[in-house]
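Residues per chain, in single letters:
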Amino acid sequence: MSFHQNIVKRAAASRETIRGIHLTFPAPTAIEVLSSLNLDFVYLDGEHGSFETRDLEAACLAAERYGIVPIARVPDRTAATITRFLDRGVRGIVVPHVESADEAREALDAVYFGPLGNRSFGGGRPFFTEIDNLPGHLAACNENVSVGIMIESGKGLDAVHEIAALRGVDYISFGLNDLAQSLGHPGEPGHPTVKSAVEKAAGLIRSAGKPVREDFMNLAWINQVLLTGARQLLVQPSGQAY
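Below is a short write-up of the structure. Bear in mind the structure is a predicted one, so any value in this text is a computation, not a measurement.

At their nearest, the axes of helix H4 (residues 79-87) and helix H5 (residues 101-111) sit 9 Å apart, and the two run at 40° to each other. Taken as axis vectors, H4 and H5 run oblique relative to one another. Like other packed secondary-structure pairs, H4 and H5 cross with a definite hand, here right-handed. Here H4 contributes Ala79, Ile82 and Leu86 to the contact with H5, which in turn contributes Ala107, Ala110 and Val111. Of the residues contributing to the contact of H4 with H5, the split by class is six nonpolar, no polar and no charged.

Further remarks concern the pattern of salt bridges. With the rule as written, the count across this model stands at 14 salt bridges. For glutamate 32, the salt bridge is made with arginine 65, and the minimal N-O distance between the two is 3.6 Å. With glutamate 32 in helix H2 (residues 28-34) and arginine 65 in helix H3 (residues 53-65), this pair connects stretches of sequence that are 33 residues apart. Classification of glutamate 32 as partly exposed rests on a relative accessible area of 35%. Residue classification places arginine 65 among the exposed residues on the basis of a relative accessible area of 64%.

A separate point is H3. Over its 13 residues, H3 extends 19 Å from the first C-alpha to the last, a length consistent with the 18 Å expected when each residue adds 1.5 Å. Along H3, the residues that are buried comprise Leu56, Ala59, Cys60, Ala62 and Ala63. Along H3, the residues classed as buried sweep out an arc of 165° about the axis, all on the same side. Exposed side of H3, more than 90 degrees from the buried face: Arg54 and Arg65 are the residues found there. Next to the buried residues of H3 lie H2, strand S2 (41-45), strand S3 (69-73) and H4.

Definitions and cut-offs
Residues numbered from 1 in each chain as written. Predicted model: local features only at pLDDT ≥ 70, side-chain atom pairs only at ≥ 80, totals over all residues. Heavy atoms only, no water. Axes fitted to C-alpha atoms, helices over the stretch in contact; angles between N-to-C directions. Helix = DSSP H or I, 4+ residues; strand = E, 2+ residues; numbered from the N terminus. Parallel < 35°, antiparallel > 145°, perpendicular 65-115°, else oblique. Left-handed = near helix turned anticlockwise from the far one by under 90°. Contact = heavy atoms within 4.5 Å. Nonpolar A, V, L, I, M, F, W, Y, C, P; charged D, E, K, R; others polar. Salt bridge = Lys/Arg side-chain N within 4 Å of Asp/Glu carboxyl O. Buried < 20%, exposed > 50% of the residue type's maximum accessible area, 1.4 Å probe, protein only. Expected span 1.5 Å × (residues − 1). Arc of directions from axis to C-beta.

Take a look at the structure:
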């Protein structure tokens, strides 16, 4: 069993721009329809979305068919949760609410097989009966899984440089709404205090040799895609439907 290179991991290292869709609900057909746009990745929101285990696998199968890399935000950083997502075919993990290097290491330990981590190996996709060289397969998994860490609190900001410097972390992103709330400005992700804190943290991340998500990812939410398309096709400039 061979792997195609994970374009998300590659782009995080090279800073080339990649494009993808953020899905908050199971929609393999939407992945198929949007594949004509030559998307690079699909982002499955397992924290705030409505994905069950079977939904994850169906989304990964659809993405793989069209050469799209499936990545997912997990609801928590436990090994059991991360393993479940990876075993269904997800090739990139986004870890929310990380507040320290130790918490990031906990997630990394679950994402990577030894010697980089302690990821559990079992009957996930691709099924182990089709793997001729297991050591080589595990090494290929490590080389082709991406890890994004989300900073969503003041404590996370304080630890951001140490987190970004960790081996195995590919990029950092910010959960702006939760971060704004943590900094005392709920509902104001554009508040000057929040913007200043993010800009300072982004500089620290880049100084550690890692990008922030916006340095290389162009991401559209499926809800925005649907509404933008519907408005363009169904609503006249006056605001009246055809």
